[in-house]
Structure formats: C-alpha cells, structure tokens
Amino acid sequence: MLLRFDFRNFRSFRDKTSLSMVATPYKGLDDILIYEKNHRLLPSAVIYGPNAGGKSNIILAMETLREIIVNGSVSDRKYWPMSALELFIFAHDSNTEPISFEIEFLSEDRHFIYSLSIDVDALNQGGNRSVSKEALKLALSDEVITLFDRTKYDINLGKNKDVWKMLGHDDIEQFSILQEVVVLNLDEEKPFLTAGFKSTISKHIADKVINFLDNRVNTIIDYNTFVDDTSFVTTEEPPTKNSLKSYGLFDMIMPAIDAGPQPILLKPEDKDERGIRKMVLVSGYGIDGKETIIPSHLMESEGTFKFLYFAPLLQRLLSKGGLLMIDEMDNSIHPEIVKAIIAVFGNPDVNTGKAQLIFTSHNPIFMDLDLLRPDQILFVEKNDEYKSNLYSLADFNPSSYERVSLVENYFKGRYGKLPYLDLEDILTNAMEEGKNEQENKA
C-alpha cells in the first residue's frame, strides 16, 4: 500500500511534491479508510487541474520510477515512457539538481522507504544519466533503519546488528569486507537496489521492493496503449463446442452498466508456438432465433469496451491488492460508473486486498463529501513560472468546503485558477480579421 510518493525537478514539477495517501485527522467517511499497521490510508484520490497543468506528469513520475527499477537501469531510454526522464522543462544551464523520487509503502508486512536521485544533463536531454543518490530504509515500530545509503561512487551499509541478522548475515565482522566489495562494483547507471544489494546483500528484501513496483503498481496514461498491451490468454482448450467462453465478471457488470442485453464472451484464437491461446472479446447478438458473433470493438461503445478491459484488472486489484494510477479514467465512461468504482475501493467488504486508486479528471461531479473525503480531492495548478503545484482540499479551511457546494466554489476559482476561454470572442475576432484580409486583397 502506498503511503506517499515524493518527486522533484521532474518535468513541470520543479519543487518537491508529495502525493500522500495517509489520511488526515478529518472526521468523516472513516469507514472507507484502509487500516494497516497503525496507518490510516486513503483507498482512492482524484486529481483535478487544467489542461497542461501537470496532472499526467504525476502518474508519469511513478511510471518512470517503476520502469527504472523493473529494468534496472537509468540509462536505457527504450524503457522510459514518452522520453519521460526529463528535467523541469525550464531548467537553466546553472541547474545541476538531479531528478529525485522517494516512495514510502507497505509490502508483505514490511514498511519501506526507497529514494533515487538521477543526474541528467540539462543541455543534452539525450545524454548520459547516472545515479547520484539512492537509499533504502526500513521503518520499524520504534525507529527507521537505513539498509544502505549510496552516492555516485560510494556506499554506506547500515550497521545495525539486528538488521544484518535479519538480512541473513550473522557474521558482523565481515561487514567491512562486504562494504569494500560492493563499492568496487558500483555501476553509476544501475540502481544499487537492483544490482549489488540484490545479488550481494539480500535478494529477499530487494525482491520485496522490486516486486511492489513491478506487480503492485499499475499506471495507465494512454488508454489505447493499455488496450493494445492487454490480452486475455489461456492454455486451455476451447471450453465449448462454439469455442466461446463466458466471463463471469462481464456477466455481472453488463446489467449494471446498462450496455444492452448482448452477452460479452471470450473467443479463443489458435495457439501460438508457445502453446498460449489469446482470447479476444466478442459480442453475441441474437435476432429471430439466430445469433451473430461480432468483435466487441466493432459494436460496443468506447466506454463499454474500455470498462470491460479494466474489469479483470479491477477484480485482481480488489482481491489481491495494489495501486492503480490512471489518467482521465472517466473519459468515455459514465460518471455514475466511476462513482461505483470509487465506492468499491472504499468498501472493505469488497476491497479485501486493500487496493488503492488514483485518477485524474475534469468532471467536478466527484467533488462530493458523501463520496470522497477532503484529503481525497486533489488539485494541480501551474503558476506564472510554469511550475506545477499539488495540494488537496484538506489544505483549505474546513469552512470553505463544509456545508457549501464544492462544485460552485471550484468554478468560482476558490480552489485554484481555472482555464478561461472566450471562444465566441476569439472566433468573432478571427472571422473579422479574415473578412478584413479579403477586403484588403480586393
């Protein structure tokens, strides 16, 4: 479970920015919170802001950290989404500060704090990248223990004897020798977590951190890419004579979203050379006793098709846990369905895996204190220096949001500047200018 994610000097976020999923002392909707190891955590959060305000960059920052750790390199750009590893875009030549990430989370009964800073050549965005700082800490009930603290060319290993025994190193006298070995083998392009720490110190602990980012953190910025990368696969033989398989979750969802009476089925394709059979979504339409099977993407609305692809992921998250960060989740999906998704994340009886959801939106309908707490409603604003800032409704005086219309206050700019576009005036002036040009030519 995510406690917080900090980052700085990343794209439009110049200053340190903290995305916190730790609940504030606000008294309200306490029953939706995730309670874990004396922590009160938010099950979901929505991020508002104008176009180009920086909302997507928050998700992109998490995706970038995830890809670096999963692939074990800060220099292999083929893994970076949308060439994401860029400095604050208006950095001057004198800016030598690194891009920095820090994530605090709970995983497999452990409380970790992992940080990574990366040097990037401000004058050459295609140039070399290197790790400038890195640290892994373990939070215990009464203290925080440093497992390692790394600079570009040096590393200090934690000297707590109990921690070393926990890591499987009973002979503390070998400490200095082991530290010399790992320093000699430091690679400035590779995080120590995924290289030396995993291979030399503790594969068990390293895997807990890596697996959290790899298997528990899910980021979706581009829905079309998500669909292209998503497939239902099986090694089973076609289960029916018609080679169609009903998917129970779809059967439950379809009536709820009122997409029509047609069943949504999975049709197996031929096995590939690995013996894997890809399943594709098809819809069954029956008229006058005759049924026609049609690829779902041809017949269903974009919203229905999009939600059906989300359904298995949501089911897995709610049962097994994890974090889903998605840009504009409500795009093409009815807001009432989005409300229902928010509700299931906040229902401990359904969200047995204690999963968390963070999404961006322009729709103020989710600004509802019967649905979300103030600390779950976040805003991004870009100032006159092109710097994005992140804050929550809980940062305001309660009198500004309790017993008042949040939507009305939002459109009045009480929670940050809103984009203003007088399209009628712009078009009128443009047509007038065009008319004048034609008259001048004549």
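What comes next is a walk through the structure. (Residues numbered from 1 in each chain as written. Predicted model: local features only at pLDDT ≥ 70, side-chain atom pairs only at ≥ 80, totals over all residues. Heavy atoms only, no water.)

1. Focus on the pairing of strand β20 (residues 388-392)
Step number 1: Most of β20 sits out of view: 4 of its 5 residues are buried.
Step number 2: Relative to β20, strand β19 (residues 377-382) runs antiparallel, the two being bridged by 5 bridges. Counted as the bridge partner of valine 380 is leucine 390 from β20.
Step number 3: Between β19 and β20, which pair antiparallel in sequence order, lie 5 residues; one of them, tyrosine 386, sits at a positive phi of approximately 65 degrees. (Buried < 20%, exposed > 50% of the residue type's maximum accessible area, 1.4 Å probe, protein only. Helix = DSSP H or I, 4+ residues; strand = E, 2+ residues; numbered from the N terminus. Pairing = 2+ DSSP bridges.)

2. Considering helix α5 (residues 203-216)
Step number 1: Along its 14 residues, α5 runs 18 Å from first to last C-alpha, staying within 8% of the 20 Å computed at 1.5 Å per residue.
Step number 2: Largest kink in α5: about 30 degrees, centred on isoleucine 210.
Step number 3: What α5 keeps buried is the set Ile205, Ala206, Asp207, Lys208, Val209, Ile210, Phe212 and Leu213. (Expected span 1.5 Å × (residues − 1). Bend = angle between axes of the 7 residues up to and from the residue.)

3. Looking at the sheet that holds strand β1 (residues 2-8)
Step number 1: Reading across the sheet, the 7 strands line up as β2-β1-β6-β7-β8-β9-β10 and stay open at both edges, with antiparallel pairing between neighbours. The open sheet has two edge strands with one neighbour each: β2 (17-20) and β10 (155-157). Sheet twist, expressed as the mean angle between neighbouring strand axes with direction ignored, is 15 degrees.
Step number 2: Two elements, β1 and β2, share 4 bridges in a ladder whose sense is antiparallel. Of the residues in β2, the one forming a bridge with phenylalanine 5 is leucine 19.
Step number 3: Of the strands in this sheet, β1, β6 (99-107), β7 (110-120), β8 (129-139) and β9 (144-151) are in contact with α5, which crosses β6 at around 105 degrees. (Axes fitted to C-alpha atoms, helices over the stretch in contact; angles between N-to-C directions. Contact = heavy atoms within 4.5 Å.)

4. A word on the nonpolar core
Step number 1: Grouped together as the largest cluster of nonpolar side chains are 61 residues, with contacts concentrated most on Phe5, Ile103, Leu136, Leu193 and Phe197.
Step number 2: In terms of residues, this core owes the most to one element, helix α1 (residues 55-71), which gives 8 residues. (Core = buried A, V, L, I, M, F, W, Y, C linked by side-chain atoms within 4.5 Å.)

5. Considerations on the pairing of β8
Step number 1: Among the 11 residues of β8, 9 are classified as buried, and the element is accordingly described as predominantly covered.
Step number 2: Where β8 and β9 come together, 7 bridges link them in antiparallel fashion. Across the sheet, residue leucine 136 finds its bridge partner in β9, namely phenylalanine 148.
Step number 3: Counting the residues between successive antiparallel strands, the hairpin from β8 to β9 contains 4 residues.

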